[in-house]
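# Breakdown of the fold
Chain by chain, the residues run as shown.
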Amino acid sequence: DAGVTQSPTHLIKTRGQQVTLRCSPKSGHDTVSWYQQALGQGPQFIFQYYEEEERQRGNFPDRFSGHQFPNYSSELNVNALLLGDSALYLCASSLTSKGFRSYNEQFFGPGTRLTVL
Amino acid sequence: DAKTTQPNSMESNEEEPVHLPCNHSTISGTDYIHWYRQLPSQGPEYVIHGLTSNVNNRMASLAIAEDRKSSTLILHRATLRDAAVYYCIVANAGGTSYGKLTFGQGTILTVHP
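What you see as residue numbers is a count from 1 along each chain, following the sequence as written. Following the order in which they are written, the chains are lettered starting with A and the ligands numbered starting with 1. Whole-chain, interface and lining totals are the exception, using all residues; otherwise, since this is a predicted model, local features are given only for residues with pLDDT of at least 70 and side-chain atom pairs are given and counted only at 80 or more. Side-chain figures throughout are based on the complete set of non-hydrogen atoms in the structure, without hydrogens or water.

### What to know about the overall build of chain B
Think of it this way: any DSSP run of H or I at least four residues long counts as a helix, any run of E at least two long counts as a strand, and we number them from the N terminus. Within chain B one finds one helix and nine strands. Going residue by residue from the N terminus, the α and β elements of chain B occur as β-β-β-β-β-β-β-β-α-β. The reference for a compact globule is 2.2 Å times residues^0.38; the radius of gyration itself is calculated from the C-alpha atoms. The C-alpha radius of gyration computed for chain B amounts to 13 Å, which stays within 12% of the reference 13 Å derived for 113 residues, consistent with globular compactness. Referenced to the eigenvectors of the C-alpha coordinate spread, the extents of chain B come out at roughly 40 × 30 × 25 Å. Within chain B, the proportion of its 113 residues that are buried is 50%. Note on definitions: a residue-residue contact is assigned when non-hydrogen atoms from the two residues lie within 4.5 Å. Considering only residue pairs separated by 6 or more positions, chain B has 59% of its internal contacts joining residues 24 or more positions apart. Here the Shrake-Rupley method, with its probe set to 1.4 Å, supplies the accessible areas, and only the displayed protein chains count as covering residues. Counting every atom, chain B has about 5400 Å² of accessible surface; 48% of that belongs to carbon and sulfur. Partly exposed describes any residue whose relative accessible area lies between the buried limit of under 20% and the exposed limit of over 50%, with all areas from a 1.4 Å probe on protein chains only and scaled to the type maximum.

### Some words on unusual backbone geometry
In this model, Ser7 of chain A is joined to Pro8 of chain A through a cis peptide bond whose omega is -10 degrees. Tracing the backbone through its elements, the reader meets Pro8 of chain A in the loop between strand E1 (5-7) and strand E2 (10-13). Unlike most non-glycine residues, Ala80 of chain A shows phi in positive territory, near 45 degrees. Relative to the elements of secondary structure, Ala80 of chain A occurs in the loop between strand E8 (74-78) and strand E9 (87-94). Judged by relative accessible area, Ala80 of chain A falls into the partly exposed class, the value being 38%. Non-glycine residue Glu15 of chain B carries a positive phi angle of around 70 degrees. As for its position among the elements, Glu15 of chain B is in the loop between strand E1 (9-13) and strand E2 (18-23). In this structure Glu15 of chain B comes out as exposed when scored by relative accessible area, which is 52%.

### Digging into the sheet that holds strand E3 (residues 19-24) of chain A
Residues and elements named next belong to chain A. Here, strands pair whenever DSSP counts at least two bridges between them. Pairing within the open sheet is antiparallel, and its four strands lie in the order E1-E3-E8-E7. Lying at the two open borders of the sheet, with one neighbouring strand each, are E1 and strand E7 (64-68). Averaged over all adjacent pairs, the angle separating strand axes in this sheet is 20 degrees, with direction ignored. In this structure, E1 lies alongside E3, joined through three bridges in antiparallel fashion. Residue pairing across strands places Gln6 opposite Cys23, the latter belonging to E3. Where helices are involved, their axes are fitted lines through C-alpha atoms of the stretch in contact, as for all axes, and angles between N-to-C directions lie from 0 to 180°.

### Details of the environment of Gln18 of chain A
Residues and elements named next belong to chain A. Relative to the helices and strands, Gln18 is located in the loop between E2 and E3. Note on Gln18: relative accessible area 38%, which makes it partly exposed. Beyond its immediate chain neighbours, meaning those up to four positions away, Gln18 contacts Lys13, Asn77, Val78, Asn79 and Leu81. Throughout this description, a polar contact denotes any pair of N or O atoms lying within 3.5 Å of each other; where both atoms belong to protein, one of them has to be capable of donating a hydrogen while the other can accept it, and for residues adjacent in sequence the pair is counted only when both atoms sit in side chains. A polar side-chain atom of Gln18 sits 2.9 Å from a polar atom in the side chain of Thr20.

### Here we look at the interface of chain B and chain A
Opposite the 22 residues of chain B that make contact, chain A presents 25 residues. Both faces combined, the contact of chain B with chain A buries some 2000 Å², and carbon together with sulfur accounts for 50% of it. Any carboxyl oxygen of Asp or Glu within 4 Å of a side-chain nitrogen of Lys or Arg constitutes a salt bridge here. Where chain B packs against chain A, one counts zero salt bridges. Viewed at the interface, chain A and chain B are joined by four residue pairs in polar contact (both at pLDDT 80 or more). Of all the secondary-structure elements, those providing two or more residues to the side of chain B that touches chain A are strand E3 (31-38), strand E4 (45-50) and helix H1 (93-98) of chain B. The term buried area refers to how much accessible surface (probe radius 1.4 Å) is lost by two components on association, counted for both of them together.

### Re the side chain of Asp31 of chain B
All names here are of chain B. On the secondary structure map, Asp31 appears in strand E3. Among buried charged residues, Asp31 stands out as having no salt bridge; its nearest opposite-charge side chain is Arg68, 5.7 Å away. Beyond its immediate stretch of four places on either side in the chain, Asp31 contacts Ala2, Leu51, Arg68, Val90, Ala91 and Asn92. Two residue types count as positive, namely Lys and Arg, and two as negative, namely Asp and Glu; His and chain ends fall outside the count.

Dropping the structure here:
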């Protein structure tokens, strides 16, 4: 089992550009969440995708968008990049529970380090 | 999700037990207590979770106060590999199932040889 994989590992962009980050979930998982982690901070929830739809969203502007494909993989798109978007972007996968109070741990990938110049 | 308070940093010696505290005084009845850790240059990884009773797994133990307003993650014998940032997260069952984890600053654990 390859676990959660993300690509690319590092990326350098300039202000105003657009970027697409990719995530393949752990085998058997159907749910993908994206997090942004600034240097020295804890990860911040961006949004989550399940059944190819955005199910929950954190406090991030519309410049951040995503997509989930039928094979459960996901993309994170960021438009009009700002210097403040420089961060580690983490993808986490899980299996959506159908049971009451069932627990689904999240498995995180190694992240994509985005630098905006 | 309920707010959590953790010490910024803690230190331990190798092969000694480590007790990492977390305060969550606004926890609600359906909130789980989750612990994740993040090793250097890696994404976070799940450690343990609990609701009301103390929990044990191969990685750690979780001791939950009777009023559930605080909890302690216990590493029974710290190794150098346990040096990481430890995050205590409180989220309800629905929140857990939907996967939104609200991370704070966490506790930086340093383990000395």
